[in-house]
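Descriptive analysis of the structure
In case you want the letters, here they are:
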Amino acid sequence: MTLVSKDILKAAEILSREELVAIPTETVYGLAGNIYSDTAIKKIFELKKRPFFNPLIVHIHSMAQVMELAVDFPEKAQQLAKAFWPGSLTLILKKQKTVPDLITAGNDTVGIRMPQHEVTLELLKSLPFPVAAPSANPFTYISPTTAQHVKNYFDGELEMVLDGGDCKNGIESTIVGFENEQPVVYRLGSISLEDITAVVGNVGVKNDKEIAPNAPGMLEKHYAPRTKTYLVENIDRFIAQHPDQKIGLLLHSIDHNNFEVSEINYLSKTGNLKEAASKLYSAMHELDKLNLDLIVAQRLPDFGLGKSINDRLERATK
Ligand code: TXA
Ligand code: MG
């Protein structure tokens, strides 16, 4: 049985003996281990069934730790860190030799993020090492935004989930790397492209590289429910084309059409994008439990967090 508890000291004790703990963050729950323990890091990959070519994000609690992990902190990276940390931004920086290759999948860069969650910041402050933490889901499945989601995935295989409540942002961090000192977004996420641009000006976007930076095009399917899922613009037409199917709808906001389906889930009654992002994965987990034939998601407006949510829905339906 996996312990679900708010006990930060217990979590620290488990991490200190090279075991794993699922930790809360404001984006999604992470599966954490000591970055300097090969034993712990290998357990992360094993438990997630994640291929070793997919690098992990290192979680820190103070700006000073950046130079322990990275050899260089470019001006624009510093501006972004000042604007958004603690928060849902991951910076990809040139790594120090001391950062194990297992964390970075052999790349000469390391992903670093300071999460915005009191419980996890307190845990990190109490540890003599940073932790690596990918999202706490089996590879390609929906990310967990509650302690219960994590328990459902790994019950009995994981010692503890540190319970920090529901994740308030609900989708993963925005990942920004640097090419010739210029920022490039590698993954759309909880901080909108517009918010990044407001701090550092125009940025490149290479969002298709997520998952396999060294193997683009591979394994694009991700964030996926077990139920076959579609992303569509015209829901009426899709329903008409799929008679006799048990359909669950994932709608962006209240819709006054009377859709004849088994289940309707609204991401936000008022069409609020922040609320929609925070509910996205919970809604997908809910629909996935209902033994439907199909899940049909409605595309969101393509700006702000709508763009990030559409990205996740596209990957879930590949
Ligand atoms: O919000 C988040 O970022 C969550 C929470 C737990 O912090 N973590 C998360 O981790 O989403 P994960 O492992 O599911 O996704 C991390 C992504 C991967 O797609 C990986 O390819 C990319 O970050 N990444 C990590 N290090 C990298 C590096 N050095 N270069 C390029 N991409 C990197
Ligand atoms: Mg993930």
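The structure under discussion appears in the preceding block.
Heads up: these notes are all about the structure in this document. (Residues numbered from 1 in each chain as written. Chains lettered and ligands numbered in written order. Predicted model: local features only at pLDDT ≥ 70, side-chain atom pairs only at ≥ 80, totals over all residues. Heavy atoms only, no water.)

**Section: the overall build of the protein chain**
The test is simple: Here a helix means four or more residues in a row that DSSP labels H or I, a strand means two or more in a row labelled E, and each is numbered from the N terminus. As a reference, a globule follows 2.2 Å times the number of residues to the power 0.38, and the radius of gyration itself is taken over C-alpha atoms. Only protein chains enter the accessibility calculation, which uses a 1.4 Å probe; a residue is then buried when its area is under 20% of its type maximum, exposed when over 50%, and partly exposed in between. What makes two residues a contact is simply this: any of their non-hydrogen atoms within 4.5 Å. Surface accessibility follows the Shrake-Rupley procedure with a 1.4 Å probe radius. Residue values consider only the protein chains on display as shielding. Under this rule, positive means Lys or Arg and negative means Asp or Glu; His and the chain ends count for nothing. For this purpose, a charge sits on NZ of Lys, CZ of Arg, CG of Asp or CD of Glu.
Assigned secondary structure in the protein chain consists of eleven helices and 15 strands. Relative to the compact-globule value of 20 Å for 318 residues, the protein chain shows a C-alpha radius of gyration of 19 Å, a close match. Of all 318 residues assigned to the protein chain, the portion counted as buried reaches 57%. Restricting to contacts in the protein chain with at least 6 residues of sequence separation, those with at least 24 account for 67%. When the accessible surface of the protein chain is totalled, it reaches about 13600 Å², and 49% of it is carbon and sulfur. Between the averaged position of the 34 positive side-chain charges in the protein chain and that of its 40 negative side-chain charges there is a distance of 2 Å.

**Some remarks on the side chain of Lys151**
Within the secondary structure layout, Lys151 lies in helix H7 (residues 147-154). Residues within four places of Lys151 in sequence aside, it is in contact with Met1, Thr2, Val4 and Val161.

**Describing the side chain of Asn207**
Short version of the rule: Each polar contact in these results corresponds to two N or O atoms within 3.5 Å; when the atoms are within protein, one needs to be able to donate a hydrogen and the other to accept it, and residues that are neighboring in sequence are counted only if both atoms are side-chain atoms.
Looking at where Asn207 falls in the secondary structure, it is placed in the loop between strand E11 (204-205) and strand E12 (229-232). Among the residues examined, Asn207 registers a relative accessible area of 12% and is labelled buried. Polar side-chain contacts of Asn207 include one of 2.9 Å to the backbone nitrogen of Leu188. Ignoring any residue separated from it by four or fewer positions in sequence, one finds Asn207 in contact with Val185, Tyr186, Arg187, Leu188, Asp311 and Arg315.

**Some thoughts on helix H4 (residues 75-84)**
Applied cut-off: What the arc describes is the spread of directions from the helix axis to the C-beta atoms.
Regarding H4, the residues found buried are Ala77, Leu80, Ala81 and Phe84. The buried residues of H4 all sit within an arc of 100° when viewed along its axis, so they share a single face. Along H4, the residues that are exposed and aim more than 90 degrees away from the buried face are Glu75 and Lys82. Summarising the contacts, the buried residues of H4 are in contact with strand E5 (89-94), strand E9 (174-179) and helix H8 (193-200).

**Quick notes on the packing of aromatic side chains**
Operational definition: Only Phe, Tyr and Trp rings are paired, with Trp represented by its six-membered ring, and only when their centres lie within 6.5 Å; those with planes under 30 degrees apart are stacked, over 60 edge-to-face, the remainder tilted. Ring-over charges, as used throughout, are those where CZ of Arg or NZ of Lys falls within 6 Å of the ring centre and within 35 degrees of the ring normal.
Across all of its chains, the model carries five aromatic pairs by this definition. On the basis of an interplanar angle of 35° and a centroid distance of 4.7 Å, the ring pair of Phe45 and Phe52 is categorised as tilted. Classification of Phe45 as buried rests on a relative accessible area of 2%. Under the relative-accessibility criterion, Phe52 is labelled partly exposed at 45%. By the ring-pair criterion, three or more aromatic residues cluster together here, those being Tyr141, Tyr153 and Phe154. Taking NZ or CZ as reference, Arg312 lies 4.9 Å from the ring centre of Tyr223, over its face.

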